[in-house]
Structures are given as structure tokens and as C-alpha cells.
Amino acid sequence: MSLFKARDWWSTVLGEKEEFDQGCLCLADVDNTGNGQGDGAQAEDLLLEVHLQDPILQVEVGKFVSGTEMLHLAVLHSRKLCVYSVSGTLGNVEHGNQYQIKLMYEHNLQRTACNMTYGSFGGVKGRDLICIQSMDGMLMVFEQESYAFGRFLPGSLLPGPLAYSSRTDSFITVSSCQQVESYKYQVLAFATDADKRQETEQQKLGSGKRLVVDWTLNIGEQALDICIVSFNQSASSVFVLGERNFFCLKDNGQIRFMKKLDCSPSCFLPYCSVSEGTMNTLIGNHNNMLHIYQDVTLKWATQLPHIPVAVRVGCLHDLKGVIVTLSDDGHLQCSYLGTDPSLFQAPKVESRELHYDELDIELKELQKIIKDVNKSQGIWPVTEREDDLKVSAMVSPNVDSVSQATDVEVGIDLIPSVTVKVTLQNRLALQKAKLSVYVQPPLVLTCDQFTFEFMAPEMSRTVAFSVYLKGSYTPPELEGNAVVSYSRPSDRNPDGIPRVIQCKFRLPLKLICLPGQPSKTASHKLTIDTNKSPVSLLSLFPGFANQSEDDQVNVMGFRFLGGSRVTLLASKTSQRYRIQSEQFEDLWLITNELITRLQEYFEKQGIKDFACSFSGSMPLQEYFELIDHHFELRINGEKLEELLSERAVQFRAIQRRLLTRFKDKTPAPLQHLDTLLDGTYKQVIALADAVEENQDNLFQSFTKLRSATHLVILLIGLWQKLSPDQVAILEAAFLPLQQDTQELGWEETVDAAISHLLKTCLSKSSKEQALNLSSQLNIPKDTSRLKKHITLLCDRLAKGGRLCLSTDATAPQIMVMPGGCTTIPESDLEERSIEQDSTELFTNHKHLNLETPLPEVLPLQGVSE
């Protein structure tokens, strides 16, 4: 163990693929508990994590809310300043403490922010003001909830670090001229235009007269950070960390001392020394080292596991002087200097004889008690018989007389809407009940969020909203979900224990479909067999056909609002129904609706042995075409994003060159850089439009793929007469994602799930079970492997394989199946041999070639980042 390595007291990694800098670390008593560490919190606990949508530039803690001296959290975004209140409540033992964050107020910024500082500007008492520096050198002062004024720093080109000195009531920064500059707050506050008669537009924009600087000091290098430390009430020092030196200045700008650094620094933190009249400084550098200086003397050097971009010192869990460091890739570490104390003492050895027979008897008794408890109570604790809250949903049988559809993209059809009413009935008093409703896009809701702050006991609340179709394609499901989250108060937790309850509802077919003209021919056809006589389609689908004389309608047409048509035919002689359409994915909703309505019809007749089956060939070729189309759009999206990134780098490079030309004192020709800038800008806009269009097409393709996947799962279940549990396993394997992204897509996720099924419950031998699946999901090169696995899954189901998810270690995992089942390929050579076996049952498919045309781009020579 090295004496000169920082001892790790606690560490963690923040976020994934995120970047951090010196403004991203703040050490303070943000929840106002008084001890700076939270009540009973453990260092390894993540107390609160909130996604704020916008990138965060800096966080600070101070007295930012009027009327109170409590500490609040200020978060600076590029175009917004937000102030939050962080509070903690004592929770139950099972749930632990709960922390909440609440937005107190926010300021929308007219200029892009760079950094901020805070303090008691002007000598105010009991509150802190905030000063934000913009990218164009403007200081914007906010007096808590109100905006005070804005002033431009004279000669500002690029913003530098900013700090506030409370003793001199001044702002200190380092300009792009490599000068430390100090500006009095009173001078900033009372600055006006040079010509008072022109107090119009320029002053309204915050542009005051040319400010008079209090003092300046040329340090000859750019500054990384500024920190102000007070010895006492009569003296303070200004510390400036440069690229090669760090400086200590007096209040008036005179150099107290400076130190030339051997390594390139990354961050620093000055603090008062235990020796009177001296200052200690922690300086981190790019060699993973942390140096501790007393004035200009190096007192200690310690090695860190990362390059720190921010460093703080604090007291955590009564441990004083904990050094907190943060790296640019999110490694947060609390460490201390020196070595670990040796506190271990070897315990006395007590020798005693072990009676193994008695231990076996005791173990069996304990196992019997555990088994009896699991049988009587189950895994989860027994809840009260009467629920705290009951949620029910009622869908109107008729469409709304006045459609609530707005902003639709369907076409010339009048888009209907259906009203859904959700009723909440509570037995006990509930707090903060929030109702969230979700339907499958492109279905949308007129309102999807409802909040109830308090619900008295035995109270009933009903809310109503409308559902309608917004897009020009059909949703994969006609099922909605209403989820209610609420808090139930208890004796130990008056604020309530969070709970969730949900209720599902089914939307009518008429919401997305209209009666249409039946078609005699179609590209895609399905035949569903039943064990009962055919039922009149008029009885099954009232409202989709006119009443005929014989009351026996055996053909019916449906027209979706997006334009596609589906025809349903009932056989007059056999017990069959045929569904046909020009689009394969459009068969799903009508087929599912037909089977559901047939089951409901025969249940009302008292017939319990009704069953459906499918005896045709599995339409895998049509299914694979949709998979190929979806995958091609994903690949095109990656290509477009790469091109957009290249053009953005080129655009910034041209901007830098133009800025250099414009700043040059001797004018020089632009050499057509302005033409290149305009052309690159047009390319960036065209590529951005192409990316958006591809994303829309990808979303529609994923919706169609989900519809086709639902249909394939339904046909496999009817084909092999699978139980509901086995169908649920197929749905979990084929439909793992509600949304498709470039980072985690449908193809790689489904391939991993199907491979797991093939290597477990559908495996042929123990050799296949021993194969390890990849722990990483990456986008594949093509879809051939996925399609082979889907074909192989159907092949093994056809030859007797059954789906199961047994967790019992003693249960046999190998399914006994008829001979001839192919094994799972371990290499590409084995996959080629599987193709020949698979084609005996299913036909091969053709790949679609969907090369989306990209915007024409012009490569720029000689311009680089």
C-alpha cells in the first residue's frame, strides 16, 4: 500500500457516456438538515436523480428564494436558470428515506449562458443574488425571482471564469486579453448610456455605457478558474489558476505570490490553512495527481485513479477533510490522505465439536417452516382484502356526436372520437393521486394526465377524455391503459407510501375503421378454422354492413382511416373464415377482432368448447419483408446521422476560419469561405430534414412491424394450440420494446430472446444449453441470423417442442422432441447447413433493397476540426 495514493473512502460512476466539468460538482447541505449529510443517509445511497431535459452547465447552492433563508439549488442551463427546493422525508424501513425536488422559479435567458456566480451583491443581508455571464460577455444579475439588470463587459470577446468577492463587493474575471479584471457591483448597477437622451433600444437590451474597470492585472495566459478565500473579515485573497501558473492576488490586484506548475493543471481549490497567515491549495493535474501547496511550498502529493476536473473538501459522516473529486467521464470519489489504520485484532479461537446430525435436523426444521410460510402466504406479504383504491374504465359504445379530433394527419375522412370515462373509488384518504392514460400511437388523447391532491374517504371521482386517430396508419393495438399512482398515509409515514394501480380498457373498432367495399382479390390471405357453424358477420360486426333480407351476411369490407382495406368472408358450407388485404400488417386487427367477438358470441350462447385453429402455412416471407424494411430504415438513419455529424464539424471549422479572418487587423480575401459556409449550412439543413423524415418513417415501420408480430404470434398459438402461458412467452420474446431506438433496436433484442429460448426450453441437447449468449446487444450487420432463428423456432415448435420458463434447478430443461430437430448453430458454417433443413417447412424470402436517397453533399478539402 503506497503512502502517496489517495485512499478510496467511497466512489461511484455517474451517468452513461456523459461529460462533466468544474461546474458540475457542488458540496452543500442542500436539504437543510443542519448536519450537511442528510438524516441517516448512507454514503452509497443515490438520494435523488432527476432528468431535467436540458444540458446542465453549473450547479450552486445558496439562499436563492425570497422570504426564507433556507438553502436552495440553482441549476444553470444554456438558455434557462432554474431554482429548486430539495427536501427529504422519513420513510418506512422497507422504502427508506424519500427525497423530492420542487421547482421554485425559473428565468428564461435571452442570451446563451456560460457560467454563473452568486453572493450578497451590494451588501444585502439574508439572501443571495445570482450573476450569469453569457457567451458574448454580458453580466445578467437576478435578484432571486426578478431580473435586475444586464451589462456588457468592455472589449469582451470570449467569456472567462467569474467569481464574486463579498469583501470588496466586486466581480472578478479573466478576459480574453489574458487580464484579471475587477468590476465594482455599484458601478455595474448604476451604469447608464453615455448619451442619456438615447435611453431607448440599446439600454433595453442591457447594453450600458463603457464600464470603468476597478483594477486589472496582466497574467499572460488564459485562466481555468478563479476562487476567492477570506483570511478573516479584514483581508481576502483572489486565487487564479492559469494554464502554467497559479496566482494569489490581494484585494487591490497586487500579486501576493505566484507558483509555476510543473504539470498542466485541471482544477484547484484554495482553503484556509491551520497555520495562521498561510493558505492551502489543492491542485489537480492531467497526470492523475493531486498536489497540496501551503502558499508556494509543496506539502503533499497523492495519486488519483482519474484526472479530476472539480475538487471539493467537506465533512461527511463526521469524517472531516474528505476530498471529493470528479472526472470528466463521471467518476466521483471521496478519498483521504495517508494510510488505512490497522484496527484488526485476531479473535480468540473457541474449539468445540460439531454435531452434524443435530445440524441436519435443525436445517430440515427450518426448511419446513420456510416451505409452510410460502404455501400459506406466498412470496409477497398478504394485503388487506379490500383495496384502498378501485379504478374502472368505461368506453362509450358510440362515437362522439361532435368529434374532438384536432390536428389530424389522416386525410379527407372525418375522424371520429370516442369518450372514455375513468372512475376512481377510494376507501381511505389518499394524497397526491395522479392518473396517467396511455394508448398506442398514432392514437392520441385529448388529455392524458389528471391530478388529485387529496381524496377524502369513500369518495368517487370520474374524469372523461376522448381518443382519436391522428396519424395515417393503424395502431398495433386497440387497448388502453389507465395507471393511478398515489400515496397512502401511515402512522410511520404521514406523507404516504407510494402505490400504483392500473386498469385496462378496449377501444372500439369503429374508432379507426369504416365500412368499406369488399374486395374479391388481395395479395395476402388468412384462413381461420373453427369447430362451430359459421356466424353471421352482421351479428359479429353490427354497424359495418346493411341489414339484408336473409339476415345472413357472409362477406364484409373494412376501410381503415389511413386508406387500406380489409375483406372478411365467412364460408357458407364449412366452419371457416377468411381475412384478406393488400397489406400483410392490416390483417392483424380484423383477425384479432374476429376471434375475440366469436369467443364473446359463443360465451353468451353458453357454449364453452368453442376453439379456433390455423392450418395454413406460416406467412414468414411476408413477415421477413417487414423486418427487412424496418432494418433498412435503421441503417439509413445511422448513415444520415454520420453525414450530419461530418457536415456539422465542417460548418464549425469554416466558422473558425472566418472568425480568424475577421479578427485579423490586416484585411485579407475570404477565398470563397463565405460561399462554402452557405453551402455547408444548406447541407446541414437538408440532412437534418432527412433525419427527421427517416425517423418518422422508422416509427411507422416499427408500428407496422408490431402489428405483423402480433399476427404471427396469434397464428403460431392457433397453429400449435399453445396455452396462454406459452403465448405470453412468445409475446415477451417478440415484443420486448414499446419504442425503437438506434441504441437498442428490435432486431438485436428479439434475436437475443429467441436464441435464449432455442438454447433452453427448445434445445435438443445439453451441449446447446452450455452455449453462452453475448452480454452486449449491438445492431447486427443484417437480418439473416434473426430470420434463421425465427424459422428455427417455428420448426422446433412444429416438431413437438414446447415453451416453458422453469426456474426449478431440479426440473429437466431438455425437451424430448421427435428426431430430426436441428441444433442451434455455433458458427456460420453450421448456419449454412440449417438453411437447407429450414426450407423443407418454410419458403425462403427475398431481401428488400430500400436505399433511401440522401441529400447531395459537397466534400470540403482542407477544412478539418
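Since the structure is predicted, the reported quantities are computational estimates derived from the model, not experimental observations.

Topic: the overall build of the protein chain
Piece 1. Of regular secondary structure, the protein chain possesses 12 helices and 38 strands.
Piece 2. Split into buried and exposed, the 865 residues of the protein chain put 42% on the buried side.
Piece 3. Counting contacts in the protein chain only where the partners sit at least 6 residues apart, residues at least 24 apart contribute 62% of the total.
Piece 4. Accessible area for the protein chain stands at about 47,900 Å²; split by element, carbon and sulfur atoms hold 50% of it.

Side note on the nonpolar core
Piece 1. Judged by nonpolar contacts, the single largest core of 101 residues is most densely connected at L435, Y623 and F734.
Piece 2. Not counting residues up to four positions away in its chain, the partners in contact with Y623 are F584, L705, A708, T709, V712, F734, W746 and I790.

Side note on the side chain of S175
Piece 1. Its place among the elements puts S175 in the loop between β11 (170–174) and β12 (179–184).
Piece 2. Setting aside residues up to four positions removed in sequence, S175 forms contacts with E181 and Q222.

With respect to the packing of helix α6 (residues 620–663) against helix α11 (residues 784–798)
Piece 1. The N-to-C vectors of α6 and α11 enclose an angle of 150°; their axes lie 11 Å apart at closest approach. Considering their axes alone, α6 and α11 lie roughly antiparallel with respect to each other. Seen along the crossing, α6 lies across α11 with a hand that is right-handed. Contacts from L620, Y623, F624, I627 and D628 of α6 reach α11 at L786, K787, I790, T791 and C794.
Piece 2. Residues belonging to the contact of α6 with α11 are distributed by class as follows: 7 nonpolar, 1 polar and 2 charged.

Comments concerning the sheet that holds strand β4 (residues 80–89)
Piece 1. If you walk across this open sheet you meet the 4 strands as β2-β3-β4-β5, and the pairing is antiparallel. Whereas interior strands pair on both sides, the edge strands pair on one side only; in this sheet they are β2 (56–62) and β5 (98–108). The average angle at which neighbouring strand axes cross in this sheet is 25°, direction not considered.
Piece 2. The pairing of β2 with strand β3 (residues 72–77) spans 6 bridges and is classified as antiparallel. Following the sheet pairing, I56 is matched in β3 by H77.

Let's talk about the confidence of the model for the protein chain
Piece 1. Mean pLDDT over the protein chain: 82, with 82% of residues reaching 70 or higher.
Piece 2. Low confidence marks residues 378–386, where pLDDT is under 50. Its contacts with residues over four positions away, or in another chain, come to 5 contacts.

Some details on the pattern of salt bridges
Piece 1. Counted by the stated rule, this structure contains 19 salt bridges.
Piece 2. Across the pair D54 and K80 runs a salt bridge whose closest N-O atoms are separated by 3.5 Å. Of this pair, D54 sits in the loop between β1 (7–13) and β2 while K80 sits in strand β4, and the two are 26 residues apart along the sequence.
Piece 3. On the basis of relative accessibility, which here comes to 35%, the residue D54 falls in the partly exposed class.
Piece 4. Residue R244 pairs with E243 through a salt bridge whose shortest N-O separation is 3.8 Å.
Piece 5. Here the salt bridges share partners, and the residues they tie into one network are R506, E593, R597 and E600.

Section: the environment of M455
Piece 1. Of note, M455 is situated in strand β29 (residues 449–455).
Piece 2. It is 8.3 Å that separates the C-alpha atoms of M455 and L428, two residues lying 27 residues apart in sequence.
Piece 3. With sequence-adjacent residues up to four places away left out, M455 is seen in contact with L424, N426, L428, A429, L430, A433 and R461.

Overview of the environment of S236
Piece 1. The topology assignment puts S236 in strand β15 (residues 235–242).
Piece 2. A C-alpha to C-alpha distance of 8.4 Å links S236 and S165, two positions 71 residues apart in sequence.

Things to note about the packing of aromatic side chains
Piece 1. What the rule picks out here adds up to 19 aromatic pairs.
Piece 2. For the ring pair Y164 and F171, a centre distance of 5.4 Å and an interplane angle of 50° mean the geometry is tilted.
Piece 3. Note on F246 and F257: the rings are 6.3 Å apart at their centroids and 90° apart in plane angle, and the pair reads as edge-to-face. Residue F246 is located in strand β16 (residues 245–249), and its partner F257 is located in strand β17 (residues 255–260); the two are separated by 11 residues in the primary sequence.
Piece 4. Here F246 falls in the buried class, since its relative accessible area comes to 0%.
Piece 5. With relative accessibility at 15%, the residue F257 sits in the buried group.
Piece 6. Within the aromatic cluster, the residues linked to one another by ring pairs are F121, F149, Y164, F171 and Y185.

Some remarks on the side chain of N426
Piece 1. Structurally, N426 can be placed in strand β26 (residues 417–426).
Piece 2. Relative accessible area serves as the criterion here: at 3%, N426 is assigned to the buried category.
Piece 3. Polar contacts involving the side chain of N426 include one to the main-chain carbonyl oxygen of A456, which spans 2.6 Å.

Side note on a negative patch on the surface
Piece 1. The grouping of D357, E358, D360, E362 and E365 at the surface amounts to a negative patch.
Piece 2. Position of E358 among the secondary structure elements: in helix α3 (residues 356–377).
Piece 3. On the basis of relative accessibility, which here comes to 52%, the residue E358 falls in the exposed class.

Quick word on helix α7 (residues 673–720)
Piece 1. End to end, α7 covers 68 Å across 48 residues, agreeing with the expected 70 Å (1.5 Å per residue, within 8%).
Piece 2. A positive backbone phi angle near 50° is found at K721, which sits one or two residues after α7.

A short note on the packing of α7 against helix α8 (residues 724–734)
Helix-helix packing is described using two parameters, namely the angle between the two axes and the distance between the axes.
Piece 1. Taken N-terminus to C-terminus, the directions of α7 and α8 make an angle of 155°; their axes are 10 Å apart at the nearest point. Comparing the axis directions of α7 and α8 gives the class roughly antiparallel. Considering how the two elements wind past one another, α7 and α8 form a crossing that is right-handed. Within the contact between the two elements, α7 uses T709, I713, I716 and G717 and α8 uses V727, L730, E731 and F734.

Things to note about the sheet that holds strand β19 (residues 279–285)
Piece 1. Pairing is antiparallel in the open sheet, where 4 strands are placed in the order β18-β19-β20-β21. Both outer strands of the open sheet, β18 (265–272) and β21 (297–303), are each paired with one neighbouring strand and no more. On average, each strand axis in the sheet is inclined to that of its neighbour by 20°, with strand direction left out of account.
Piece 2. Inspection of the sheet shows β19 paired to strand β20 (residues 289–294) by 5 bridges, in the antiparallel sense. Within the sheet, the bridge partner assigned to G284 lies in β20 and is L290.

Notes on the pairing of strand β13 (residues 215–218)
Piece 1. Of the two faces of β13, the one lined by W215 and L217 is fully buried and the one lined by T216 and N218 carries no buried residue.
Piece 2. In the sheet, β12 pairs with β13 via 4 bridges, with the strands oriented antiparallel. From the neighbouring strand, S182 faces β13, where its bridge partner is W215.

Here we look at the environment of V174
Piece 1. Residue position: V174 is located in strand β11.
Piece 2. Taking the C-alpha atoms as reference points, V174 and L224, separated by 50 residues in sequence, lie 9.1 Å from one another.
Piece 3. Non-local contacts of V174, meaning those with residues more than four positions away in its chain, are made with G160, P161, Q179, V180, I219, A223, I226 and V240.

Some details on unusual backbone geometry
Piece 1. Residue P441 is joined to P442 through a cis peptide bond whose omega torsion reads 10°.
Piece 2. Looking at the secondary structure, you find P442 in the loop between β27 (430–438) and β28 (443–445).
Piece 3. One non-glycine residue, Q144, lies in positive phi territory at about 60°.
Piece 4. Tracing the backbone shows Q144 in the loop between β8 (138–143) and β9 (146–152).
Piece 5. A relative accessible area of 4% means that Q144 is categorised as buried.
Piece 6. The backbone of Q671 shows a phi angle near 55°, a positive value even though the residue is not glycine.
Piece 7. By the secondary structure assignment, Q671 is in the loop between α6 and α7.

Rules used in this analysis
Residues numbered from 1 in each chain as written. Predicted model: local features only at pLDDT ≥ 70, side-chain atom pairs only at ≥ 80, totals over all residues. Heavy atoms only, no water. Helix = DSSP H or I, 4+ residues; strand = E, 2+ residues; numbered from the N terminus. Buried < 20%, exposed > 50% of the residue type's maximum accessible area, 1.4 Å probe, protein only. Contact = heavy atoms within 4.5 Å. Areas by Shrake-Rupley, 256 points an atom, 1.4 Å probe, with all protein chains shown as cover. Core = buried A, V, L, I, M, F, W, Y, C linked by side-chain atoms within 4.5 Å. Axes fitted to C-alpha atoms, helices over the stretch in contact; angles between N-to-C directions. Parallel < 35°, antiparallel > 145°, perpendicular 65-115°, else oblique. Left-handed = near helix turned anticlockwise from the far one by under 90°. Nonpolar A, V, L, I, M, F, W, Y, C, P; charged D, E, K, R; others polar. Pairing = 2+ DSSP bridges. pLDDT = per-residue confidence, 0-100. Salt bridge = Lys/Arg side-chain N within 4 Å of Asp/Glu carboxyl O. Phe/Tyr/Trp six-rings, centres within 6.5 Å; stacked < 30°, edge-to-face > 60°. Polar contact = N/O pair within 3.5 Å; in protein donor to acceptor, adjacent residues only side chain to side chain. Patch = residues over 30% accessible without salt bridge, like charges linked within 9 Å, V, L, I, M, F, W, Y side chains within 5 Å. Lys, Arg positive; Asp, Glu negative; His and termini not counted. Charge placed at Lys NZ, Arg CZ, Asp CG, Glu CD. Expected span 1.5 Å × (residues − 1).

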